[in-house]
Amino acid sequence: MSETRELAELAKRRGFFFPSNEAYGGTAGFYTYGPEGAALKRNLEDVWRDLFVRELDNVELEAPTIMPEAVFEASGHLDGFDDMIVECAECGATHRADHLVEDAVPDIEDAETLGPERVGELIAEHGIVCPACDADLADEPVEEFNLMFGTNIGPGSAARGYLRPETAQGIFVEFPRLKEYARNRLPFGVAQIGRAYRNEISPRRALVRVREFTQAELEHFIDPESDEPPIDRVADVELPLYAAPAQHDDDGTTETHTVRDALNEGIIGNDWVAYYLGCAIDFYERIGIDMDRFRYRQHLAGERAHYAADCWDAETELGGNWIEVTGFAYRSDYDLSKHGEYADESFTIFRQYDEPKTTERAIVDPDMSYLGPEFGGDAAAIAKEIEALAGRDRSAFEGETVDIELDGDTYSIPVEKTDFAVEEQTEAGEHITPHVVEPSFGVDRLVYSVLIHAHESDTVDDEDRAFLDLPAEMAPTTVAVVPLMAKDGLDERAQSIAEELRAAGYEVAYDDTGNIGRRYRRQDEVGTPYCVTVDYETQQDGTVTVRERDSTEQTRVGADDLAAVIRRLVDGDSLSDL
């Protein structure tokens, strides 16, 4: 059985995650986290907050998941948030066309970059058929399908809205208020962990491609001319880089470089992106990603958004496939500029000069009493173009007339009717549109990766054992308390110890069902790092047995010292250190 199938069976049986709404036949692309999975996911989010909010001195907000249509018109999602779809004429099933090509053609890994026309040609060339009914798809059109879920905000003919396809827009649209909280000073970062929604054509691979998912995103607003990342903080961190040239090379492989070397050699093209690639390594290690199955892959030219100079994805290897779990992008001023065009608020911030600057500025005040009668309905547009021309080419006003180009026509305007003048102005600063650096983490994919990478097996006492090698701070349960026998007062003492550990802040399970070995196996299987056994010796000398999951080693400690002992173990000590 493949590791992904083994994990799917474990996840459903032990309550990590399972398909939603199965009592009603299920709904593709939606998963419910069970008790173990919800706790694991919460722990992962806590580690992310610890590193990307607290340690990096950022703030966090929580925005609505439904936003008005105008937001997504400004952001470009209405026109450009599409996947390629092909529909089978025989059975009516719809499929993600680029995925069909990737599955059928070994040499193509990212068909999404090829465009609908070329993908359609490849479907025909390779005789790709419908996975549902085996009908030929060669003559079926490949079309763009917008992935956003639409809704109405309010009853009747109310405003159109959409479930957000990413959490980022909830931060960008609030920038005018957020900059006030930051005292109008750059740089500052705003984080958010929340749900996002994409109406995927072909949900698949369990938590990898779903219709409702959780993102953890940081939007870091910077002044591109003056703000530099503290590279020294991560300069010596080693990064496994799968750069663009290596992807074009048949023998190209992942190579390890420090952050400093990757920048000096031009492998990473942006200091801020390199900084966050370095910061994130600690996060992946802490949550339990197998770093031998991890890499940073650089976007190829055809993958990058037009506003992005350099983008990298963090990828994990799952079941023989490399899966994107995080995107690191330098988004320039694209998002704030777009919202500044569409909204009624200012999406700029005031940059104070070190010393006031005196500059010359061309100003005009077109005489509308002349332009109106002379040019009729074109007067307002001509006046606007006069203002724009004065800003970019004051020499155009040196003659008696100024020529204005508008919709292919030329209009000659007497300069005296423009009231053109050049004035000296002393300015203390200027308004700029900040640039944005964005690390965007897919929480569900990370949970899935952690579970697969942690799934181990060995033999203990001639018996096969499956266990999750989870870091202690990630495990759904920190410690399980088990009485040797559920009688003679052992169970009452064990319950009391469990309550004491819960009061000390630990996630604690109590289990008195079945033989002691079976109870250990149950806890190993869900990744509980420590078991505490209460036995008859406990009643005599007040000690308990502490068992460590990975090594299965045991030692006895005083029950009164147990909370402190567990803290030492969680913080990195081993049983031999006690």
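To be clear, the structure that these remarks concern was listed above.
Residues numbered from 1 in each chain as written. Predicted model: local features only at pLDDT ≥ 70, side-chain atom pairs only at ≥ 80, totals over all residues. Heavy atoms only, no water.

With that out of the way, let us pick up the overall build of the chain. Looking only at helices and strands, the chain has 19 helices and 28 strands in total. Projected onto its principal axes, the C-alpha coordinates of the chain cover approximately 110 × 65 × 60 Å. A total of 578 residues make up the chain; the buried ones form 48% of that total. By sequence separation, contacts in the chain at least 24 residues apart represent 65% of the contacts at least 6 residues apart. Distance from the positive charge centre (52 side chains) to the negative charge centre (124 side chains) of the chain: 7 Å. (Helix = DSSP H or I, 4+ residues; strand = E, 2+ residues; numbered from the N terminus. Buried < 20%, exposed > 50% of the residue type's maximum accessible area, 1.4 Å probe, protein only. Contact = heavy atoms within 4.5 Å. Lys, Arg positive; Asp, Glu negative; His and termini not counted. Charge placed at Lys NZ, Arg CZ, Asp CG, Glu CD.)

Across all of its chains, the model carries 44 salt bridges by this definition. For the salt bridge of Asp511 with Arg522, the shortest nitrogen-to-oxygen distance reads 2.8 Å. Of this pair, Asp511 sits in the loop between β25 (508-510) and α17 (516-525) while Arg522 sits in helix α17, and the two are 11 residues apart along the sequence. Given a relative accessible area of 25%, Arg522 falls into the partly exposed group. (Salt bridge = Lys/Arg side-chain N within 4 Å of Asp/Glu carboxyl O.)

Packing of helix α13 (residues 368-375) against helix α14 (residues 379-392) brings their axes to within 9 Å, and their N-to-C directions diverge by 130 degrees. As summarised for this structure, α13 and α14 are arranged oblique, according to the angle between their axes. For α13 against α14, the interelement crossing comes out right-handed. For the pair α13 and α14, contact is made by Met368, Leu371, Gly372 and Phe375 and by Ala379, Ala380, Ile382, Ala383 and Ile386, respectively. (Axes fitted to C-alpha atoms, helices over the stretch in contact; angles between N-to-C directions. Parallel < 35°, antiparallel > 145°, perpendicular 65-115°, else oblique. Left-handed = near helix turned anticlockwise from the far one by under 90°.)

A cluster of nonpolar side chains, contributed by Leu484, Met485 and Tyr536, occupies part of the molecular surface with about 230 Å² of accessible area. Looking at the secondary structure, you find Met485 in the loop between β24 (479-483) and α16 (490-503). Met485 sits in the partly exposed class, given a relative accessible area of 36%. (Patch = residues over 30% accessible without salt bridge, like charges linked within 9 Å, V, L, I, M, F, W, Y side chains within 5 Å. Areas by Shrake-Rupley, 256 points an atom, 1.4 Å probe, with all protein chains shown as cover.)

Moving on: the pairing of strand β26 (residues 530-534). With five of five residues buried, β26 lies mostly within the body of the structure. Alternating residues of β26 divide into Tyr530, Val532 and Val534 and Cys531 and Thr533, and every residue in both groups is buried. Relative to β26, β24 runs parallel, the two being bridged by five bridges. Among the inter-strand pairings, Val479 is bridged to a residue of β26, identified as Tyr530. Judged from the four bridges that link them, β26 and strand β27 (residues 543-548) form a sheet pairing that is antiparallel. Bridging across to β27, Val532 finds its partner in Val546. (Pairing = 2+ DSSP bridges.)

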